[in-house]
Amino acid sequence: MAMEMRLPVARKPLSESVGRDTKKHLVVPGDTITTDTGFMRGHGTYMGEEKLIASVAGSVERVNKLICVKALKTRYNGEVGDIVVGRITEVQQKRWKVETNSRLDSVLLLSSMNLPGGELRRRSAEDELAMRGFLQEGDLISAEVQAVFSDGAVSLHTRSLKYGKLGQGVLVQVSPSLVKRQKTHFHDLPCGASVILGNNGFIWIYPTPEHKEEGAGGFAADLETEGVRVSTEASLRTSSCLLLAMKWNWGALWSPGRTLRVPAAEAPSFLPSLAVSG
Amino acid sequence: MTVLDYSRSLEQISEDLRVDGRGCEDYRCVEVETDVVSNTSGSARVKLGHTDILVGVKAEMGTPKLEKPDEGYLEFFVDCSANATPEFEGRGGDDLGTEIANTLYRIFNNKSSVDLKSLCISPREHCWILYVDVLLLECDGNLFDTICIAVKAALFNTRIPRVRVLEDEEGSKDIELSDDPYDCIRLSVENVPCIVTLCKIGYRHVVDATLQEEACSLASLLVSVTSTGVVTCMRKVGKGSLDPESIFEMMETGKRVGKVLHASLQSVLHKEESLGPKRQKVGFLG
């Protein structure tokens with residue numbers, strides 16, 4: 001058993017140690033952005049006393065004459081085509097309500113989900129009654145955004161074999177502003193863990209399966225634990241690294257040229273020594 | 001936590017592996033600093049992971065209790081600040097605060113924890129009352145352990161001014177404070193106990209649970225242990241039930257872990273004191 005007690009040490013501010021080419025102009029609500037009245041005001045700002053004042057905490061973005069403040073901690077705003085990781089909160093008549101860290105619960109319609117075996121037919125009353133057999137309250141799923149309703153609620157679909165119920169793994173919740181939109185959000189790390197970067201800030205880290213399952217559509221949740229200790233440790237280590245990266249380096253995750261190096265499996269302790277390049 | 005998360009954590013804990021990589025009997029890293037509040041007789045701030053506790057001890061003169069005329073006493077007050085979680089806003093934190101204060105009273109309610117006779121100035125008339133105020137700044141699971149560590153560190157840091165009772169010819173007593181501001185008496189905290197909270201998750205029990213792990217656990221056992229491994233008080237919290245064998249196992253683990261906890265705390269407190277007045281104080285803005 002381990003017990004580490006120590007005296008506190010003053011932490012060095014990060015901006016001195018991490019060299020940045022472009023310094024971000026960070027503001028908090030109430031900060032003056034500029035006193036120049038020639039700018040148009042965008043989201044996150046308001047005009048008060050002849051100067052532009054920020055109303056959210058974030059970084060200032062300027063495009064020609066438009067100034068807006070992009071908030072660091074936001075709710076997820078859905079766009080068609082985004083990959084999200086969500087948690088089922090309710091099972092309703094023909095749909096599931098999914099929590100995705102947005103302003104309204106997202107919706108997963110029964111018709112947007114693949115039937116087992118890949119059948120293509122109209123969903124019947126028996127399918128409705130069997131809904132809880134597929135997904136229950138508390139399950140985690142990966143899905144793609146199909147449409148956005150007028151009130152901002154998002155409609156999801158899992159019409160592909162790579163989406164579906166998630167099995168063993170660790171969920172890390174970060175701010176949605178940190179996850180950039182990319183070509184692929186499913187990555188396999190060399191350390192034995194795989195990662196799904198949800199655009200809504202939910203990141204799912206799981207041990208890489210030895211063989212890719214086909215045809216099941218991802219609904220058979222794998223609860224086996226034999227032989228997965230090494231990859232489980234890898235996924236736990238990755239999640240600790242991710243939490244540290246999020247805490248100390250407010251940069252985007254997985255932008256091109258930036259890789260997250262996870263320490264080798266031979267490292268004796270779990271306190272991760274992080275290397276973020278780029 | 002989902003059903004799958006819960007079952008996954010059950011499987012992992014059965015292999016002595018938790019979500020953050022710790023073993024079942026490992027604590028998170030603890031940071032202890034004493035003498036952080038200048039207008040108290042003693043203070044300490046303890047950070048265990050993200051749980052942040054500040055304790056201040058003020059020594060005031062008062063009359064002893066009627067049933068114990070030659071002893072001083074301790075009064076505990078716990079304030080759950082609204083900064084910790086939004087649930088503590090307004091009067092939301094009062095219930096938890098009262099529960100923690102009552103637990104502290106129970107732990108210290110024995111002859112050997114603190115030498116109360118040394119707090120007596122003159123029997124039946126004057127004694128020192130130590131008002132221990134606990135402030136919860138941030139809450140991330142395992143409150144009781146952290147609060148006890150902080151109370152012990154604050155009592156170690158407490159300096160009570162030395163007073164003398166002068167009696168003149170008519171028999172009226174006068175209390176004289178010594179001129180030297182550094183002439184103080186210190187309390188011996190050798191026998192002050194520390195709480196070890198053991199949460200039952202699945203078939204095993206874990207020490208130092210985070211908020212997520214506490215949400216998974218249905219029953220916990222609070223064991224108050226001194227530095228020699230003597231159990232002073234035990235309490236069960238939670239809606240679930242514990243069978244007697246588990247209670248026995250958890251108590252043994254608590255004793256074992258408690259001894260190591262005391263040893264580490266003693267060494268850190270002595271190390272901090274040996275640095276002397278030149279040590280760099282980190283405080284709240286570090």
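Residues numbered from 1 in each chain as written. Chains lettered and ligands numbered in written order. Predicted model: local features only at pLDDT ≥ 70, side-chain atom pairs only at ≥ 80, totals over all residues. Heavy atoms only, no water.

> Help me understand the overall build of chain A, please; the structure alone is not making it clear to me.
When you go through chain A residue by residue, the secondary structure sums to four helices and 20 strands. Counting only residues that meet the buried cut, chain A has 42% of its 278 residues in that class. Intrachain contacts of chain A at a sequence separation of at least 6 include 60% that bridge at least 24 residues. (Helix = DSSP H or I, 4+ residues; strand = E, 2+ residues; numbered from the N terminus. Buried < 20%, exposed > 50% of the residue type's maximum accessible area, 1.4 Å probe, protein only. Contact = heavy atoms within 4.5 Å.)

> Even after reading the chapter, I still don't get the sheet that holds strand β13 (residues 219–225) of chain B, so can you show me in this structure?
Note on sheets: strands pair through backbone hydrogen bonds, and any given pair is parallel or antiparallel. Residues and elements named next belong to chain B. Taken in spatial order, the four strands make up an open sheet running β12-β11-β13-β14, and their pairing is antiparallel. The outermost strands of the open sheet, each flanked by one partner alone, are β12 (204–207) and β14 (231–237). When strand polarity is set aside, the average angle formed by the axes of neighbouring strands in this sheet is 25°. As paired strands, β13 and β14 are joined by six bridges and run antiparallel to one another. Residue leucine 222 lies in a different strand from β14, and its bridge partner there is arginine 235. (Pairing = 2+ DSSP bridges. Axes fitted to C-alpha atoms, helices over the stretch in contact; angles between N-to-C directions.)

> Can you walk me through unusual backbone geometry in this structure?
Leave glycine aside and you will find that most residues have negative phi; peptide bonds, for their part, are mostly trans. In this structure, glutamate 50 of chain A is a non-glycine residue whose phi angle is positive, near 65°. Relative to the helices and strands, glutamate 50 of chain A is located in the loop between β5 (45–48) and β6 (51–54). A relative accessible area of 65% places glutamate 50 of chain A in the exposed class. Even without a glycine there, the phi angle at aspartate 35 of chain B is positive, about 60°. Assignment of secondary structure puts aspartate 35 of chain B in the loop between β1 (30–34) and β2 (42–48).

> Got a minute to help me understand helix α3 (residues 143–157) of chain B in this structure?
Residues spaced three or four apart along an α-helix face the same direction, because each turn holds 3.6 residues. Here α3 of chain B contains 15 residues, and its C-alpha end-to-end distance of 21 Å stays within 8% of the 21 Å for a straight helix at 1.5 Å per residue. Judged by how many residues are buried, α3 of chain B sits mostly within the fold: 15 of 15 residues are covered. (Expected span 1.5 Å × (residues − 1).)

> Would you explain the packing of helix α2 (residues 94–107) of chain B against α3 of chain B in this entry?
To describe two helices that pack against each other, one gives the angle between their axes and the distance between the axes. Residue and element names in this part refer to chain B. Relative orientation of the contacting elements α2 and α3 amounts to 55°, with a least axis distance of 11 Å. Judged by the inter-axis angle, α2 sits oblique to α3. As for the relative orientation of α2 and α3, their crossing is right-handed in sense. For the pair α2 and α3, contact is made by Leu96, Glu99, Ile100, Thr103, Leu104 and Ile107 and by Leu143, Phe144, Ile147 and Cys148, respectively. Of the residues in the contact of α2 with α3, the class split is eight nonpolar, one polar and one charged. (Parallel < 35°, antiparallel > 145°, perpendicular 65-115°, else oblique. Left-handed = near helix turned anticlockwise from the far one by under 90°. Nonpolar A, V, L, I, M, F, W, Y, C, P; charged D, E, K, R; others polar.)

> Help me out: how do you make sense of the nonpolar core in this one?
For soluble globular proteins, the rule of thumb is that nonpolar side chains tend to be buried together. Residues and elements named next belong to chain B. Core analysis: the biggest nonpolar cluster contains 69 residues, and Phe108 and Leu155 have the highest contact counts within it. Of the residues forming this core, the biggest block, 11 residues, is contributed by α3. Residues contacting leucine 155, with those up to four places away along its chain left out, are Val57, Leu74, Phe108, Val114, Leu130, Leu187, Val189 and Val192. (Core = buried A, V, L, I, M, F, W, Y, C linked by side-chain atoms within 4.5 Å.)

> When you look at the UniProt feature "domain: Exoribonuclease phosphorolytic" (unreviewed entry) in chain B in this model, what are you seeing that I'm missing?
Residues and elements named next belong to chain B. Within this numbering scheme, the UniProt entry marks residues 27–161 and 191–256 as carrying the feature "domain: Exoribonuclease phosphorolytic" (unreviewed entry). Helix makes up 21% of residues 27–161 and strand 38%, and the two end C-alpha atoms of the span are 36 Å apart. Counted over residues 191–256, helix gives 29% and strand 39%. Its end C-alpha atoms are 16 Å apart. (UniProt positions renumbered as here; feature names shortened; annotations may be inferred.)

> Could you clarify how one ought to interpret the confidence of the model for chain A in this entry?
Should pLDDT be low for a region, the predicted coordinates there are not to be read in detail. Residues and elements named next belong to chain A. Mean pLDDT for chain A: 77, with 77% of residues reaching 70 or above. The low-confidence segment residues 213–227, where pLDDT is below 50, has 23 contacts with residues more than four positions distant or belonging to other chains. A low-confidence stretch, residues 250–278 stays under pLDDT 50, and its non-local contacts, those more than four residues away or across chains, total 55 contacts. (pLDDT = per-residue confidence, 0-100.)

> Could you clarify how one ought to interpret the pairing of strand β10 (residues 95–99) of chain A in this entry?
Residue and element names in this part refer to chain A. Examined bridge by bridge, strand β9 (residues 83–91) and β10 share four bridges and lie antiparallel to one another. The partner of arginine 87 across the bridge, within β10, is glutamate 99. The antiparallel pairing of β9 with β10 creates a hairpin that spans three residues between the two strands. Across four bridges, β10 lies against strand β11 (residues 106–113) in antiparallel orientation. Directly across from valine 98, in β11, lies its bridge partner serine 106. The hairpin turn running from β10 into β11, its antiparallel successor, is six residues long, and asparagine 101 in that turn takes a positive phi close to 60°.

> Whenever I open this one, the UniProt feature "domain: K Homology" (unreviewed entry) in chain A confuses me. Can you help?
Under the local residue numbering, the UniProt record ascribes the feature "domain: K Homology" (unreviewed entry) to residues 169–209 of chain A. What you have in residues 169–209 of chain A is 0% helix and 44% strand, and the ends, taken at the C-alpha atoms, are 11 Å apart.

> Would you mind going over a nonpolar patch on the surface with me for this structure?
Where nonpolar side chains cluster on the molecular surface, the patch consists of Met40, Val63 and Leu66 of chain A and spans about 280 Å² of accessible area. Residue placement: methionine 40 of chain A occurs in strand β4 (residues 40–41). (Patch = residues over 30% accessible without salt bridge, like charges linked within 9 Å, V, L, I, M, F, W, Y side chains within 5 Å. Areas by Shrake-Rupley, 256 points an atom, 1.4 Å probe, with all protein chains shown as cover. Salt bridge = Lys/Arg side-chain N within 4 Å of Asp/Glu carboxyl O.)

> Whenever I open this one, the packing of aromatic side chains confuses me. Can you help?
Any pair of aromatic rings gets described here by the distance separating the centres and the angle formed by the planes. Residues and elements named next belong to chain A. Scanning the entire structure with this criterion turns up three aromatic pairs over all chains. Both rings, one in tyrosine 163 and one in phenylalanine 186, keep their centres 6.1 Å apart while their planes meet at 45°; by these two values the pair is tilted. Here the residue tyrosine 163 occupies a position in the loop between β13 (154–158) and β14 (164–165), and phenylalanine 186 occupies one in strand β16 (residues 186–188), the gap between them amounting to 23 residues. (Phe/Tyr/Trp six-rings, centres within 6.5 Å; stacked < 30°, edge-to-face > 60°.)

> Hey, could you run me through the pairing of strand β7 (residues 58–63) of chain A in this one?
For a regular strand, side-chain orientation follows a simple rule: the groups alternate between the two sheet faces. Residue and element names in this part refer to chain A. In this sheet, β7 lies alongside strand β2 (residues 26–27) in antiparallel orientation, the contact comprising two bridges. Of the residues in β7, the one forming a bridge with valine 27 is glycine 58. Pairing of β7 with strand β8 (residues 66–71), which is carried by six bridges, proceeds in the antiparallel orientation. Across the sheet, the residue bridging to valine 63 is leucine 66, located in β8.

> I would appreciate a short explanation of α2 of chain B in the present structure.
All names here are of chain B. Taking 1.5 Å as the rise per residue, α2 with 14 residues should run 20 Å; its terminal C-alpha atoms sit 20 Å apart, in good agreement. Within the sequence span of α2, burial applies to Gly97, Ile100, Ala101, Thr103, Leu104 and Ile107. Down the axis of α2, the buried set is contained in an arc of 160°. They therefore lie on one face. The secondary structure elements touched by the buried residues of α2 are β4 (73–80), β6 (126–138), α3, β11 (194–201), β13 and β14. (Arc of directions from axis to C-beta.)

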